[in-house]
Amino acid sequence: MIARTIGWAALLATALSGGNAAAQGWSPQRNVELIVPAGAGGSLDTTGRTIHRIWGDLKLVPATSTVVNRAGGGHAVAYSYLNQRTGDPQYLCITSSTLLTNHINGHIPLTYTDFTPLAVLLTEYIAFAVRADSPLKTGKDLIEALRRAPDSLSLALSSAVGGTHHISFGLPLQSAGVDTTKLKFVAFISSAEAVTALLGGHVDVISAGTVNVAPHVESGKLRVLAVSSPRRMAGVYANVPTWPELGYKGVFENWRGVIGAKGISPEQIAFWDNVFQRVTSSAEFREYAQKNDWENSYRNAADSRKFMASQYEELKSVMTYLGLAKKQ
């Protein structure tokens, strides 16, 4: 009787052990490469290295992992490299809205449908600002001035023509029916450079990241007319209206996320869902987002794919309006 009891106990233990192994599912068994599609030191690189450090600290990935910068071609080098790893879940890539916009404008042949969207992690919103002595008091003043005389103001972009700051300007302009062919856009290489030009009186309005504008709002040198967020922001932006509040389309999410190779399995996607959910729930990640004035906007793989599909259509519409979309 005792022997039979021990036998049944052993069988039960084996069954439970097998059940636990099945429940654990897939996990990486060799080195994971996290690709950054830009050079060292920028926001995409910092994002990649931050999530890599956090998943290491929390011991979320049981294999070794490395961050590799593969810059060039407007992210084309990195995306082409990942595109050659179909079905391999050990290759991931940091990404942004450039994955969509550079396909719409024809600069790269690949977009979100060529990969497996795994996560949207963070969102940076855009501030539209003028000097404190500007006659423009609200975003509505700006749009109405441009509707009356499109060439009356110089509009500084904190990135290249066709980039995120250009597109974020385009959304409210499109909804107001402003003639964009006469607008005076001036492109700078960074938000810091655009802010300096505005402070010096060389341009009239800037579109720049909220974190770059905030110190000058606090000092009283700049006034923010509107922000691209879907709801009012906190802190120095608490009294700044959103574009929808002013009656215009203008919600723009300058997001950062992660994609994997195409053709990976549901089990493999589930593993990375768990990793990124836990990374974005960590205190270190929340502090990183807060320090940069970014919103922790985590979406899992399924929601990220839906979000990118929706974003693609909206961006295609406004880029066509701005003359930035590749002609079909």
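Residues numbered from 1 in each chain as written. Predicted model: local features only at pLDDT ≥ 70, side-chain atom pairs only at ≥ 80, totals over all residues. Heavy atoms only, no water.

So, on to the packing of aromatic side chains. Under the defined criterion, the tally for this structure stands at 15 aromatic pairs. Where Tyr81 meets Tyr91, the ring centres are 6.0 Å apart and the plane angle is 75°; that geometry is what we call edge-to-face. On the criterion of sequence distance, the pair formed by Tyr81 in helix 3 (residues 76-83) and Tyr91 in strand 3 (residues 91-96) is long-range, its members being 10 residues apart. Tyr91 matches Tyr81 in its accessibility class, with the two residues each being buried. Considering the side-chain rings of Tyr112 and Tyr312, the 6.1 Å spacing of their centres and the 50° angle between planes classify their relative orientation as tilted. On the criterion of sequence distance, the pair formed by Tyr112 in the loop between helix 4 (98-104) and strand 4 (116-124) and Tyr312 in helix 11 (residues 301-321) is long-range, its members being 200 residues apart. Take Tyr112: its relative accessible area is 12%, and that puts it in the buried class. According to the relative accessible area criterion, Tyr312 is buried, its value standing at 13%. In textbook terms, an aromatic cluster arises when at least three aromatic residues are bridged by ring pairs, as seen for Trp26, Trp55, Phe271, Trp272 and Phe276. Stacked on the ring of Tyr81, the Lys or Arg Arg85 has its end atom at 3.8 Å from the ring centre. Taking NZ or CZ as reference, Arg256 lies 4.8 Å from the ring centre of Trp294, over its face. (Phe/Tyr/Trp six-rings, centres within 6.5 Å; stacked < 30°, edge-to-face > 60°. Helix = DSSP H or I, 4+ residues; strand = E, 2+ residues; numbered from the N terminus. Buried < 20%, exposed > 50% of the residue type's maximum accessible area, 1.4 Å probe, protein only. Lys NZ or Arg CZ within 6 Å of the ring centre and 35° of its normal.)

Inspection of the entire model under this criterion finds 10 salt bridges. Across the pair Glu295 and Arg231 runs a salt bridge, and its minimum N-O distance is 3.3 Å. Of the two residues, Glu295 is situated in strand 11 (residues 295-299) and Arg231 in the loop between strand 9 (222-227) and strand 10 (254-260); the sequence distance between them amounts to 64 residues. (Salt bridge = Lys/Arg side-chain N within 4 Å of Asp/Glu carboxyl O.)

What follows deals with the pairing of strand 10. For strand 10, the tally of buried residues reaches seven of seven residues, placing the bulk of the element in the interior. Residues of strand 10 alternate between two faces, with Asn254, Arg256, Val258 and Gly260 on one and Trp255, Gly257 and Ile259 on the opposite face, all of them buried. One ladder, built from five bridges, connects strand 3 with strand 10; its direction is antiparallel. Paired with Leu92 across the two strands is Gly260, which belongs to strand 10. (Pairing = 2+ DSSP bridges.)

On to helix 3, then. What helix 3 keeps buried is the set Ala76, Ala78, Tyr79, Tyr81 and Leu82. Among the structural elements, strand 1 (32-36), strand 3, helix 4 and strand 10 are those in contact with the buried residues of helix 3. (Contact = heavy atoms within 4.5 Å.)

For the rest of this paragraph, the subject is the confidence of the model for the protein. Across the protein, the average pLDDT comes to 91, with 92% of residues at 70 or higher. Note that residues 1-23 has pLDDT below 50 and, in this model, zero contacts with residues that lie over four places away or in other chains. (pLDDT = per-residue confidence, 0-100.)

A word on the environment of Ile54. Note on placement: Ile54 falls in helix 2 (residues 43-57). Considered as a pair, Ile54 and Arg278 are 224 residues apart in the sequence and their alpha carbons are 9.2 Å apart. Those residues in contact with Ile54 that lie beyond four places of it in its chain are Val279, Ser282, Glu284 and Phe285.

Ordered in space as 7-6-8-5-9, the five strands form an open sheet in which the pairing is mixed. For this open sheet the edge positions go to strand 7 (184-187) and strand 9, each flanked by a neighbour on one side alone. Taken over all neighbouring pairs, the strand axes of this sheet differ in orientation by 30° on average, direction set aside. (Axes fitted to C-alpha atoms, helices over the stretch in contact; angles between N-to-C directions.)

Another point: the side chain of Asp88. Among the structural elements, Asp88 can be located in the loop between helix 3 and strand 3. We classify Asp88 as buried; its relative accessible area is 13%. Engagement of the side chain of Asp88 in a polar contact is seen with the side chain of Arg30, the distance being 2.5 Å. Once residues within four sequence positions are removed from consideration, Asp88 is found in contact with Arg30, Ala261 and Ile264. (Polar contact = N/O pair within 3.5 Å; in protein donor to acceptor, adjacent residues only side chain to side chain.)

Leu142 and Met308 are the most contacted members of the largest nonpolar core, which has 53 residues in total. With six residues, the single largest contributor to this core is helix 11. Not counting chain neighbours up to four residues away, the residues in contact with Met308 comprise Leu99, Leu100, Tyr112, Pro117, Val120, Trp255 and Ile259. Membership of the second largest hydrophobic core comes to 28 residues, among which are Leu60, Leu121, Ile264 and Phe276. (Core = buried A, V, L, I, M, F, W, Y, C linked by side-chain atoms within 4.5 Å.)

A few words on the sheet that holds strand 2 (residues 65-69). Taking strand neighbours across the sheet as the criterion, the six strands line up as 2-1-3-10-4-11 in an open arrangement whose pairing is mixed. Across the chains shown, the open sheet's two edge strands, defined by having one partner strand only, are strand 2 and strand 11. Going across the sheet, the axis of each strand differs from the next one's by a mean of 20°, ignoring polarity. The strands touched by helix 2 are strand 1, strand 2, strand 3, strand 4 and strand 10; relative to strand 2, the strand with the most contacts, the crossing angle is about 175°.

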